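Listed here are the chains, written in short residue letters.
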Amino acid sequence: MQLIPALLSKRFLFAVFFLACSLTVVAQTGSLSGRVVDASTEEPLPFANVFISSTTLGSTTALDGSFLIERVPFGSVQLVVSYVGYKHQKFNFDFTESSNLSTAIALEPALEELTAIEVASKKDKKWERNLSKFTKVFLGDTEFSRRCKILNPWVLEFAEDKDKGLVATANSPVEIENHALGYKVFYHLRLFNANSSYFFFTGETRFEEMIPADEQQKSQWIKNRVIAFKGSTRHLFLAILYEYIQQGQLQQEGFALLQEKFPREGPIVRHPDLAKTKKEILIDYPKENLVGASYRTGLYRILLNGKVEVHYNRELGVPKNTIYNDTLVEVSWLEVKEGYVDVTKTGLNQQPDQLLVSGAMSQGWVAMMLPNDYDPASNNP
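Residues numbered from 1 in each chain as written. Predicted model: local features only at pLDDT ≥ 70, side-chain atom pairs only at ≥ 80, totals over all residues. Heavy atoms only, no water.

## Regarding the confidence of the model for the protein chain
To be explicit about the condition: Note on scores: pLDDT gives the predictor's confidence for each residue, bounded by 0 and 100. Going along the chain from the N terminus, every DSSP run of H or I of four or more residues is numbered as a helix, and every run of E of two or more is numbered as a strand. What makes two residues a contact is simply this: any of their non-hydrogen atoms within 4.5 Å.
When the pLDDT values of the protein chain are averaged, the result is 84; 87% of them are 70 or greater. The least confident element of the protein chain is helix H2 (residues 10-22), whose mean pLDDT is 42; the most confident is strand S11 (residues 174-178), at 97. For the stretch residues 10-27, pLDDT sits under 50, and the model shows 30 contacts to residues farther than four places along the chain or on other chains. Low confidence marks residues 113-121, where pLDDT is under 50. Its contacts with residues over four positions away, or in another chain, come to 3 contacts.

## Some details on the pairing of strand S10 (residues 165-170)
To be explicit about the condition: Buried means the residue's accessible area, taken with a 1.4 Å probe over protein chains only, is under 20% of the maximum for its type, while exposed means over 50%, and partly exposed covers the values in between. Two strands make a pair as long as DSSP finds a minimum of two bridges between them.
With 5 of its 6 residues buried, S10 lies for the most part within the structure. With 6 bridges connecting them, strand S9 (residues 156-161) and S10 associate as antiparallel partners. Each bridged residue has a counterpart across the sheet, and for Glu160 the counterpart in S10 is Leu166. Counted along the chain from S9 to the antiparallel partner S10, the turn is 3 residues long.

## Side note on the pattern of salt bridges
It is possible for side chains of opposite charge to pair when their charged atoms get near one another. Defined as follows: Between Lys or Arg on one side and Asp or Glu on the other, a salt bridge is scored when a side-chain nitrogen of the former is within 4 Å of a carboxyl oxygen of the latter.
Applying the stated rule across the entire model yields 9 salt bridges. With its nearest N and O atoms 3.7 Å apart, the salt bridge here joins Lys87 to Glu108. Taken as a pair, Lys87 in the loop between strand S5 (76-82) and strand S6 (89-94) and Glu108 in the loop between strand S7 (100-107) and helix H3 (114-120) lie far apart in primary sequence, 21 residues in all. Put simply, Glu204 and Lys90 hold a salt bridge, and the shortest N to O gap is 3.4 Å. Taken together, the residues Glu204 in strand S13 (residues 199-209) and Lys90 in strand S6 connect sequence positions 114 residues apart. Via salt bridges that share partners, Lys90, Arg190 and Glu204 belong to a single interconnected network.

## Describing a nonpolar patch on the surface
Selection criterion: Residues with no salt bridge and a relative accessible area higher than 30% make up the patches, which join like charges within 9 Å and nonpolar side chains (Val, Leu, Ile, Met, Phe, Trp, Tyr) within 5 Å. Methods summary: accessible areas were calculated by the Shrake-Rupley approach with a probe of 1.4 Å, and residue burial reflects only the protein chains presented.
On the surface, a cluster of nonpolar side chains totalling about 260 Å² of accessible area is made up of Leu191, Tyr198 and Phe200. In this fold, Phe200 is placed in strand S13. Note on Phe200: relative accessible area 42%, which makes it partly exposed.

## Observations concerning the sheet that holds strand S19 (residues 330-336)
Test applied: Only the stretch in contact is used when a helix axis is fitted, and all axes are lines through C-alpha atoms; the angle between N-to-C directions ranges over 0 to 180 degrees.
Taken in spatial order, the 5 strands line up as S15-S14-S18-S19-S21 in an open sheet, and their pairing is antiparallel. Since the sheet does not close on itself, it has two edges, and those belong to strand S15 (282-284) and strand S21 (355-359), each with one partner. Here the average twist between neighbouring strands, direction ignored, is 30°. Where strand S14 (residues 255-260) and S15 come together, 3 bridges link them in antiparallel fashion.

## Describing a positive patch on the surface
Operational definition: Just so you know, the count uses Lys and Arg for positive and Asp and Glu for negative, and it drops His and the chain ends. Lysine's charge is taken at NZ, arginine's at CZ, aspartate's at CG and glutamate's at CD.
Judged by side-chain charge, Lys125, Lys126, Arg129 and Lys133 come together as a positively charged surface patch. Within the fold, Lys133 resides in helix H4 (residues 125-139).

## Overview of the sheet that holds S6
Strand order in this open sheet of 4 strands is S3-S2-S5-S6, and the pairing throughout is antiparallel. Either end of the sheet is taken by a strand with one partner, and the two such strands are strand S3 (58-60) and S6. The average angle at which neighbouring strand axes cross in this sheet is 20°, direction not considered. Pairing of strand S2 (residues 49-52) with S3 involves 3 bridges; the strand directions are antiparallel. Residue pairing for S3: Asn49 is matched across the bridge by Thr60.

## Quick notes on unusual backbone geometry
The phi dihedral of Glu42 falls on the positive side, at around 65°, and the residue is not glycine. Judged by its relative accessible area of 60%, Glu42 falls in the exposed class. Backbone geometry places Arg71, a non-glycine residue, at a positive phi of 60°. Here Arg71 is to be found in strand S4 (residues 66-73). Residue classification places Arg71 among the exposed positions, given a relative accessible area of 52%.

## Some words on the side chain of Thr61
Note the cut-off: Under this definition, polar contacts are N or O atom pairs within 3.5 Å; protein pairs additionally need one hydrogen-donor-capable and one acceptor-capable atom, and for neighbouring residues in sequence, both atoms have to be side-chain atoms.
Residue position: Thr61 is located in the loop between S3 and S4. By relative accessible area, Thr61 is classed as buried at 2%. At 2.8 Å, the side chain of Thr61 forms a polar contact with the backbone nitrogen of Ala48.

Here it is, written out as structure tokens:
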């Protein structure tokens, strides 16, 4: 039984119950309320934007500065608050101990930055070339990427660094329309570096549901979101949790985990054929101790040591990063800094800074991003 149909099955309900018995969970979702004020005057700030990063959940403050966000996912979340003329701020909250939290937020005025406005009127051909490079990395290079559009590219500024390569900053959230998945994405870009050997970017993301033009588009969005979900790290972590319940679930979900026979420094030389590589270099990753109890209430610890090679047999969509000649499996590599990550029962990684991902799972990026409150069992876009 595959995970997405199983999410609505009796078997899944049993699995959730079984997992829940080992740790007490207060609630699967919660609410976050509070009040946003000026740090100096303590006057309320109405119409401030408040949202849970990487979700569709957000609000604006009322006239008295108050806000309420409901259906907050279980686990650790980040609240982002922005207001014109004030410093953009982030706050971390933990919903593993309580389902309803309240907070007071004081924003400080931001210094005026006239230079960004001055530079914005001086875009040139070099800026256009850098925008093209940025877009290919930021949105990815997939069929879904080609159905995304950056609506406000003028907020981006580029610089070149000898070591970091292309460096990008943005004076406002980068707005993207993803016509493949049906989301409008607001990306608060904090850091972007890309050179010939690596790329890295980070920031806070807010999603908005787009309105489908008709039932056909609605149906396509549902299908595409399943494609984006399948083969993701969240899908893998869910499959590992299922493997804990019943052996064979990783394979049934299309995943295989491998590791080097003899770990060494630097990259290993793989043969073009997977069969020969497995014979000489790789062995199956042991599945006996993949899951342990976290010290945090309601979370589960995924244990991954060393560099793990992940193979995924994609049923939907076009395979990507197929590096072997004798198979179409997608190949990714996961490295966990301290040997573990804590996840929720819905597969959400609570320690993204601990996980290094390369290969197929790292492709697509913004074009393949789903909000954390996305439900793979839902029939609604």
